[in-house]
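One-letter residues, chain by chain:
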Amino acid sequence: MSAHKVTLLGTGLIGTFYASALHGKRGRDAIHTVFSRTADHAEAFAEEWGVPNWTTDMEAAIRDADTDVVVVGVPNFVHEEAVRAAADAGKAVLCTKPLGRTAAEARRMLDAVEEAGVFHGYLEDLVYTPKTIKALNSVQSGALGDILWVRSREAHGGPHSAWFWDVEKAGGGAIVDMGCHTIEIIRTFVGKDIRPTEVMCWTDTLVHPIDAEDHAVGMLRFENGAVGQFEVSWAFRGGMDLRDEVSGTEGSVRLNHWLRTGFEMFTSGESEGYVAEKAESASGWQFPVGDEPHALGYDHMFTEMLDALDAGETPRETFYDGYVVNAIVDACYRSAESGQWTPVELEEWRGAEETPRMTVEAPEVDGKTLIKEERMPGGNLKRILKNPETGEVTETVADA
């Protein structure tokens, strides 16, 4: 088993979560060098996490001869520069979400790492949460049958750093910030081999004085007929709302990752301490999270990524996945502008070709097609039937 020395780029909130995970579950990896644009931030972060080297020179951090993995946790507008430098240095590179500000930017990063032949992973933590992994295992085992519909929602009061609110630096608003999470969650449950074909999206700026959208709702169609629905908001009051629903022909799953985790606490707010990410108040009823990096998927994400690197395998999430997500995000923005269903434009599709539309074989009862049967109050069995020749729909009721 290998032990990796990591160059971490970025010391913001995401850098803190990454450090906790990297120094945690696998237990043998360590951040060896940390970069921040601000010397005070870099030095303080290094002291807090026991990192031996810090610098304000990103190129020097990437080319540190003692590190073999570069983790990119800097703002969106620096991703391409960082990824290209890591690829040029011949190092494994793991990049936070979204991969790029646009699909074109993401594609250039994908090309850079593939041409350099380096290991690459897309750090989409929310497909690695313990609840998501458990639910996905159930989906893949067939417990839910064919997946028909997936809904994913992320909403909170808005991001924590100024650059997020700058449309040029971020690449957009709530969609590029949080829609990238929800889109990849949808793809994960529907099946990443199934091609996303078109989107319909609404966006608006309802609360904040910014040029980007602070609200969006989108629908995503897949080639096999499955549908995804996402909701994102930078103006939700009451904390951070992370919920997913999956519906199939044989079952359904509901996941609540943050606001209702079974941990509820009331406080007067006298201590004014930290409660949980994006918590809006330190008084009243609170919903703390016992282990935030674990609950948000960071532990499982880095473990899977670095285990794949050790084994010479491809991780679950690669830069290609980041590129597909960016292509869907781009389609969402085009749809919001046109008000129409808009195709997802992919220069290259690496999934299954011509996935057939889902079909369900309905059973027959007395020569008629069974639409539905239901046990009624009192125990009687009601059946809704369709005559396959005439199309007539009738019902029968059998005594208990």
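Located above this text is the structure these notes cover.
Predicted, not measured: the structure shown is a model, and the values here were computed from it.

With seven of nine residues buried, strand β7 (residues 147-155) is to be regarded as a mostly interior element. In the sheet, β7 pairs with strand β11 (residues 241-248) via eight bridges, with the strands oriented antiparallel. For Val150, the partnering residue across the bridge sits in β11 and is Val246. In the sheet, β7 pairs with strand β10 (residues 227-233) via seven bridges, with the strands oriented parallel.

Right, let's get into the nonpolar core. Counting residues in hydrophobic clusters, the biggest one holds 101 residues, and the most contacted among them are Leu9 and Val71. The contacts of Leu9, once residues within four sequence positions are left out, are Phe35, Met58, Ala61, Ile62, Val70, Val71, Val72, Gly73, Val74 and Ala82.

All chains considered together, the criterion is met by 29 salt bridges. Of the charged contacts in the structure, one is a salt bridge between Arg151 and Glu231, with a shortest N-O distance of 2.6 Å. Of this pair, Arg151 sits in strand β7 while Glu231 sits in strand β10, and the two are 80 residues apart along the sequence. The same class applies to Arg151 and to Glu231, which are both buried.

With that settled, the discussion passes to a nonpolar patch on the surface. On the surface, Trp202, Leu206, Val207 and Val217 cluster together to form a nonpolar patch covering roughly 360 Å² of accessible area. Inspection of the secondary structure assignment puts Val217 in strand β9 (residues 215-222). Judged by relative accessible area, which is 35%, Val217 ranks as partly exposed.

Inspection of the entire model under this criterion finds two cavities of 30 Å³ or more. In this structure, the largest cavity occupies an estimated 70 Å³ of space. Lining the largest cavity are Leu126, Thr129, Thr132, Ser152, Arg153, Glu154, Thr182, Ile185, Leu242, Arg243, Asp244 and His257. Listed by contribution, the elements that provide at least two residues to the lining of the largest cavity are β7, α8 (174-190) and β11. Residues belonging to the lining of the largest cavity are distributed by class as follows: three nonpolar, five polar and four charged. If you go around the second largest cavity, the residues you meet are Ala21, Leu22, Lys25, Arg26, Asp29, Asp299, Phe302, Thr303 and Leu306. Taken together, the elements giving at least two residues each to the lining of the second largest cavity come down to α1 (13-22) and α10 (298-311). Among the elements that line the lining of the second largest cavity, the one with the most residues is α10, at four residues.

A word on the sheet that holds strand β19 (residues 393-398). Read across the sheet, four strands follow the order β16-β17-β18-β19 without closing on themselves; strand pairing throughout is antiparallel. Here the strands that pair on one side only, and so sit at the sheet edges, are β16 (364-365) and β19.

Taken as a whole and judged by the stated rule, the model has eight aromatic pairs. Plain terms: the ring middles of Trp165 and Trp234 are 4.8 Å apart, the flat faces sit at 50° to each other, and that makes the pair tilted. Of this pair, Trp165 sits in the loop between β7 and α7 (167-170) while Trp234 sits in the loop between β10 and β11, and the two are 69 residues apart along the sequence. For the pair Tyr320 and Tyr323, a centre-to-centre distance of 6.0 Å together with 50° between the ring planes defines the contact as tilted. Residue Tyr320 and its partner Tyr323 are located together in helix α11 (residues 319-338), separated by three residues, close to a single helical turn. In this structure, Tyr320 and Tyr323 share a single accessibility class: buried. An aromatic cluster is built from Phe17, Tyr18, Tyr298 and Phe302, whose rings are joined through pairwise contacts. The ring centre of Trp341 lies 3.8 Å from the NZ or CZ of Arg221, which sits over that ring.

Conventions and cut-offs
- Residues numbered from 1 in each chain as written.
- Predicted model: local features only at pLDDT ≥ 70, side-chain atom pairs only at ≥ 80, totals over all residues.
- Heavy atoms only, no water.
- Buried < 20%, exposed > 50% of the residue type's maximum accessible area, 1.4 Å probe, protein only.
- Helix = DSSP H or I, 4+ residues; strand = E, 2+ residues; numbered from the N terminus.
- Pairing = 2+ DSSP bridges.
- Core = buried A, V, L, I, M, F, W, Y, C linked by side-chain atoms within 4.5 Å.
- Contact = heavy atoms within 4.5 Å.
- Salt bridge = Lys/Arg side-chain N within 4 Å of Asp/Glu carboxyl O.
- Patch = residues over 30% accessible without salt bridge, like charges linked within 9 Å, V, L, I, M, F, W, Y side chains within 5 Å.
- Areas by Shrake-Rupley, 256 points an atom, 1.4 Å probe, with all protein chains shown as cover.
- 1 Å grid on protein atoms, 1.4 Å probe; cavity = no way out; pocket = protein on both sides within 12 Å on 5 of 7 lines; lining within 4 Å.
- Points joined across faces, edges and corners; volume = space filled by probe spheres on them.
- Nonpolar A, V, L, I, M, F, W, Y, C, P; charged D, E, K, R; others polar.
- Phe/Tyr/Trp six-rings, centres within 6.5 Å; stacked < 30°, edge-to-face > 60°.
- Lys NZ or Arg CZ within 6 Å of the ring centre and 35° of its normal.

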